[in-house]
Amino acid sequence: MASSLTKDSVTPGTPGSETTFFGHPRGLATLFMTEMWERFSYYGMRALLPLYLVAPGGLHLNAATATAIYSVYVSLVYLLAMPGGWFGDRVWGPRKTVAVAGAVIMLGHLTLALPSSGTFYAGLGLVAIGSGLLKANISTMVGHLYSGPDDPRRDGGFTVFYMGINLGAFAAPLVIGTVGENVNWHLGFALAALGMALGLVQFLLGSRHLAERSSVVPTPLSAEEKSSTLRKAAVWAGIAVVFYAIVGFTGHYTLNWILVPLTLLGVIIPVMVLTRIKRDKDLDRSEQKSMSAYIWFFVAAAVFWMIYDQGGSTLSIFADSSAENSVFGWEFPVSWYQSVNPVLIMALAPVFAWFWLALNRRGKEPSTIVKFSSGLVLVGASFFLFLAPLTIAEGGHKAAALWLVGIYFIQTVGELLLSPVGLSVTTKMAPAKYASQMMGVWFLAVTAGDATTGLLSIAGVDLNKTGVVALEATLAVVAGVAVWMYRNKVKELMGSVR
């Protein structure tokens with residue numbers, strides 16, 4: 001990346017004004033590399049997780065329990081993004097929060113690398129906590145590098161930053177997945193720790209290039225607030241310790257005592273947050289209508305992510321047991337399927353950006369609602385396609401790898417239709433009072449979707465059965481069609497937002 005740093009003339013006083021990174025402030029290189037290595041560790045471990053959970057040499061759990069654990073883990077990462085952002089705003093500031101988060105993530109992966117099932121879940125918890133702390137704050141620091149919302153380089157800077165996410169996500173399964181599956185599971189988790197360590201070291205070394213405001217706590221807690229927060233946290237922690245001690249000592253403890261409360265929280269908290277915002281009397285009539293419309297988008301997005309994120313669990317477990325994971329006779333690790341999405345994102349995102357601009361110039365660009373509903377229909381179509389390899393497997397044969405690649409391709413196109421639009425509409429429809437919190441609310445749609453998958457798995461539903469897959473596919477298509485049919489009503493509620 002050093003070759004990308006060039007002398008350039010930029011706005012005086014902008015962090016890193018002496019050198020630039022692809023024409024952007026030098027600090028973007030630091031954040032790009034930090035995010036790339038963090039995503040390398042996160043997606044590498046995530047690619048291994050469901051396979052390790054079901055493997056005879058791993059925890060050897062059944063598919064339903066493995067899917068539940070995977071879903072709870074992913075939902076927690078997104079759920080914890082909100083308190084992570086709160087810590088950055090009220091306690092440590094973004095820079096310190098990201099540094100601490102990196103250390104926690106690295107410790108979590110090292111804990112996963114220990115050959116003990118007893119420490120495995122503690123490692124997952126640490127990675128989830130660290131990822132939640134890092135997710136909201138590192139994006140905030142990218143914004144700090146620019147002089148304001150009107151800086152013409154700002155959008156381009158976030159585009160470069162998000163390339164780091166996809167580069168890390170693409171490389172991780174190829175490296176960590178290969179070592180974990182073919183050499184040793186725990187060595188794979190150790191490589192994830194090494195990736196995060198590299199990201200943390202270069203973040204600490206390059207932090208001098210970041211904006212000074214990244215070290216500032218925007219709205220610090222008062223002494224009274226700090227005392228009250230610590231007291232409440234101690235009370236809830238104490239209740240949890242006493243409760244689980246009683247359950248454990250009486251011999252009633254099972255894994256579901258952890259999984260069920262966490263999955264329920266993943267559904268209940270998003271509902272509570274949306275209800276609290278919708279009922280806020282400080283919102284004017286226009287903001288109330290916008291929130292009513294936003295709830296449509298939120299529920300539809302939760303359905304989308306419920307299916308989409310099964311690409312890392314349900315599809316991965318199916319590939320492990322029932323797919324012919326080879327191309328022209330050359331076999332590859334199952335975890336490599338997880339590199340398909342990021343490489344397609346990098347290839348297709350510029351095409352979509354060009355396509356929307358071309359249609360816009362002709363006055364034919366689809367509306368937000370059409371794009372959103374199309375994304376839902378496509379993710380449903382991907383699961384209708386999934387019925388083909390499932391049927392092949394039920395007939396006693398191995399399904400070809402290209403069936404799965406086709407599913408990931410359709411899901412990626414759906415993601416490119418729905419995800420950027422969802423992020424955009426979230427910022428546009430956010431009430432002024434909740435402007436800084438609404439991005440966290442959007443992440444809660446992922447939490448709700450994954451938590452729903454977790455609840456189904458805990459209930460014993462086999463997500464690799466044709467009937468269940470067909471039902472999920474139908475749900476997504478019906479949701480997409482419903483959003484489209486009620487587009488005029490939703491447009492009316494959206495007001496001037498398009």
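Above: the structure in question.
Residues numbered from 1 in each chain as written. Predicted model: local features only at pLDDT ≥ 70, side-chain atom pairs only at ≥ 80, totals over all residues. Heavy atoms only, no water.

(A) Region of the structure containing the packing of aromatic side chains. Throughout the structure, instances matching the rule amount to 27 aromatic pairs. Note on Tyr52 and Trp185: the rings are 5.8 Å apart at their centroids and 65 degrees apart in plane angle, and the pair reads as edge-to-face. A residue pair is termed long-range when its members are at least 10 positions apart, and Tyr52 in helix α1 (residues 27-54) and Trp185 in helix α7 (residues 185-206) qualify at 133 residues. In this structure, Tyr52 and Trp185 share a single accessibility class: buried. Three or more aromatic residues joined by ring pairs form one cluster here, namely Tyr52, Phe120, Tyr121, Trp185 and Phe189. Over the ring of Phe443 we find Lys135, and its NZ or CZ is 5.6 Å from the ring centre. (Phe/Tyr/Trp six-rings, centres within 6.5 Å; stacked < 30°, edge-to-face > 60°. Helix = DSSP H or I, 4+ residues; strand = E, 2+ residues; numbered from the N terminus. Buried < 20%, exposed > 50% of the residue type's maximum accessible area, 1.4 Å probe, protein only. Lys NZ or Arg CZ within 6 Å of the ring centre and 35° of its normal.)

(B) View of unusual backbone geometry. Unusually for a residue other than glycine, His60 sits at a positive phi of about 55 degrees. Here Phe328, not a glycine, exhibits a phi torsion of approximately 50 degrees, which is positive. Examined against the element boundaries, Phe328 turns out to sit in the loop between β5 (326-327) and β6 (330-331).

(C) Geometry of the packing of helix α9 (residues 256-278) against helix α10 (residues 285-308). Two numbers describe how α9 lies on α10: the axes approach to 10 Å, and their chain directions differ by 165 degrees. Considering the angle they form, α9 stands roughly antiparallel to α10. Helix-helix and strand crossings are classified by hand; for α9 and α10 the assignment is left-handed. For the pair formed by α9 and α10, the contact residues are Pro270, Leu274, Ile277 and Lys278 on the first element and Gln288, Met291, Ser292, Tyr294, Ile295 and Phe298 on the second. Of the residues that constitute the contact of α9 with α10, the class distribution is 7 nonpolar, 2 polar and 1 charged. (Axes fitted to C-alpha atoms, helices over the stretch in contact; angles between N-to-C directions. Parallel < 35°, antiparallel > 145°, perpendicular 65-115°, else oblique. Left-handed = near helix turned anticlockwise from the far one by under 90°. Contact = heavy atoms within 4.5 Å. Nonpolar A, V, L, I, M, F, W, Y, C, P; charged D, E, K, R; others polar.)

(D) Representation of the nonpolar core. Residues Tyr73 and Tyr294 are the most contacted members of the largest nonpolar core, which totals 101 residues. Of the residues forming this core, the biggest block, 13 residues, is contributed by α10. Counting residues in each nonpolar core, the second largest holds 24 residues, with Leu28, Ala101, Leu145 and Tyr146 among its members. (Core = buried A, V, L, I, M, F, W, Y, C linked by side-chain atoms within 4.5 Å.)

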